[in-house]
Amino acid sequence: MSFGQAVRSGFRQYATFSGRATRSEFWWFYLAMSIFSFVLVGIPYIFFVIALVVWSSGSDSGSSSLPAQAWIALILMGIGALASLALSLPLYAVMARRLHDTGQSAHWIWLSFAGAGIVPLVMCIMEGNAYDNQHGPDPKAGERRSGGFPSSGYAQPGYPAQPGYPAVPPPYTPPASPAAGSDPFSTPSN
């Protein structure tokens, strides 16, 4: 799954905590939410700090009011914090689906609120179940059945193609059984 597909899928299933999600879907969506949060909160915070440094080192530092740039940065940080809060719901939904893909319960997400958020993140690294589980069908079933390789197999440009193999082995024919009453240990006579 590509970056764009993962973001579309995450927002399409905004608050869907059931089902399964692949590793690529989760990690691409996690990266997108991290970038959004940095843009919405981190950049205004940097501008706020710069405005405070300039204000405290300037000649008008004796005034008790903050400069207009600091107030604008504070307002943008507040709006960004609310937007990041709204973006956390689809992130937790994708994390729940990712945990379901590994066969785990989504209740592991509660550790994120208890300060041990690294535990569910590490669990999201694990390979998903290669079979249908209680949370739904395998999202990578099509890739796994086809082998995940192109139809040309391992052949690379400039190298000969692999030889073809018969689809079905020839049928097994058992050896002829000896005639009834004959001694199987006797030697044939000339």
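Details of the structure are given in the entry above.
Residues numbered from 1 in each chain as written. Predicted model: local features only at pLDDT ≥ 70, side-chain atom pairs only at ≥ 80, totals over all residues. Heavy atoms only, no water.

What should I look at first to understand the overall build of the protein chain in this one?
In terms of helices and strands, the protein chain carries 6 helices and 0 strands. For the protein chain, the α and β elements follow one another from N to C terminus as α-α-α-α-α-α. Looking at the protein chain residue by residue over its 190 residues, the buried ones come to 25%. Long-range pairs, those at least 24 residues apart, make up 67% of the contacts in the protein chain with a sequence separation of at least 6. On the protein chain, roughly 13,000 Å² of surface is accessible, and the fraction owed to carbon and sulfur atoms is 68%. (Helix = DSSP H or I, 4+ residues; strand = E, 2+ residues; numbered from the N terminus. Buried < 20%, exposed > 50% of the residue type's maximum accessible area, 1.4 Å probe, protein only. Contact = heavy atoms within 4.5 Å. Areas by Shrake-Rupley, 256 points an atom, 1.4 Å probe, with all protein chains shown as cover.)

Explain helix α1 (residues 3-12) to me, please; I cannot follow it from the model alone.
Residues spaced three or four apart along an α-helix face the same direction, because each turn holds 3.6 residues. For α1, the complete set of buried residues consists of Ala6, Val7, Ser9 and Gly10. What you see down the axis of α1 is that its buried residues fit within an arc of 165°, all on one side. Turned more than 90 degrees from where α1 packs its buried face, Arg8 and Arg12 sit exposed. Packed against the buried residues of α1 are α2 (23-57) and α3 (68-101). (Arc of directions from axis to C-beta.)

How should the packing of α1 against α3 be read in this particular structure?
Working note: a packed helix pair is described by the angle between its axes plus the distance between those axes. One can describe the packing of α1 onto α3 by two numbers: an axis separation of 9 Å at closest approach and a directional angle of 100°. Compared by their axis directions, α1 and α3 come out roughly perpendicular. Residues Ser9, Gly10 and Phe11 of α1 pack against Leu87, Pro90, Val94 and Arg97 of α3. (Axes fitted to C-alpha atoms, helices over the stretch in contact; angles between N-to-C directions. Parallel < 35°, antiparallel > 145°, perpendicular 65-115°, else oblique.)

When you look at the environment of Arg98 in this model, what are you seeing that I'm missing?
Note that Arg98 resides in helix α3. Taking the relative accessible area as the measure of exposure, Arg98 reaches 0% and is therefore buried. It is 9.7 Å that separates the C-alpha atoms of Arg98 and Pro120, two residues lying 22 residues apart in sequence. Sequence-distant contacts of Arg98, that is, excluding residues within four places in its chain, are made with Ala21, Thr22, Arg23, Phe26, Cys124, Met126, Glu127 and Gly128.

I keep staring at the pattern of salt bridges and nothing clicks. Help me out?
The final tally for this structure, using the stated rule, is 4 salt bridges. Among the ionic pairs, Glu127 bridges to Arg23, the shortest N-O distance being 2.4 Å. Within this pair, whereas Glu127 is found in the loop between α5 (118-123) and α6 (141-146), its partner Arg23 is found in helix α2, the two being separated by 104 residues in sequence. Given the relative accessible area of 40%, Glu127 is considered partly exposed. Its salt-bridge partner being Asp101, residue Arg98 comes within 2.5 Å of it at the nearest N-O pair. Of this pair, Arg98 and Asp101 both sit in helix α3, 3 residues apart, roughly one helical turn. A cluster of three or more residues bridged by salt bridges with shared partners is formed by Arg20, Arg98 and Asp101. (Salt bridge = Lys/Arg side-chain N within 4 Å of Asp/Glu carboxyl O.)

For this particular structure, what's the right way to read the nonpolar core?
When a protein is soluble and globular, its nonpolar side chains tend to lie buried together. Phe26, Phe29, Met33, Met95, Leu99, Ile109 and Cys124 are the most contacted members of the largest nonpolar core, which has 15 residues in total. Broken down by secondary-structure element, the contributors of at least two residues to this core are α2, α3 and α5. The element best represented in this core is α3, accounting for 6 residues. In contact with Met95, other than residues within four places in its own chain, are Phe26, Ile109, Pro120, Leu121 and Cys124. (Core = buried A, V, L, I, M, F, W, Y, C linked by side-chain atoms within 4.5 Å.)

I would appreciate a short explanation of the packing of aromatic side chains in the present structure.
Here the distance between the centres and the angle between the planes together describe a pair of aromatic rings. All chains considered together, the criterion is met by 7 aromatic pairs. A centroid spacing of 5.2 Å and a plane angle of 45° characterise the contact between Tyr92 and Phe113, whose relative ring orientation is tilted. On the criterion of sequence distance, the pair formed by Tyr92 in helix α3 and Phe113 in helix α4 (residues 110-113) is long-range, its members being 21 residues apart. On the accessibility criterion, Phe113 (55% relative accessible area) is exposed. Seen in terms of ring centroids, Trp110 and Phe113 are 5.7 Å apart; in terms of plane orientation they differ by 50°. Their pairing is tilted. (Phe/Tyr/Trp six-rings, centres within 6.5 Å; stacked < 30°, edge-to-face > 60°.)

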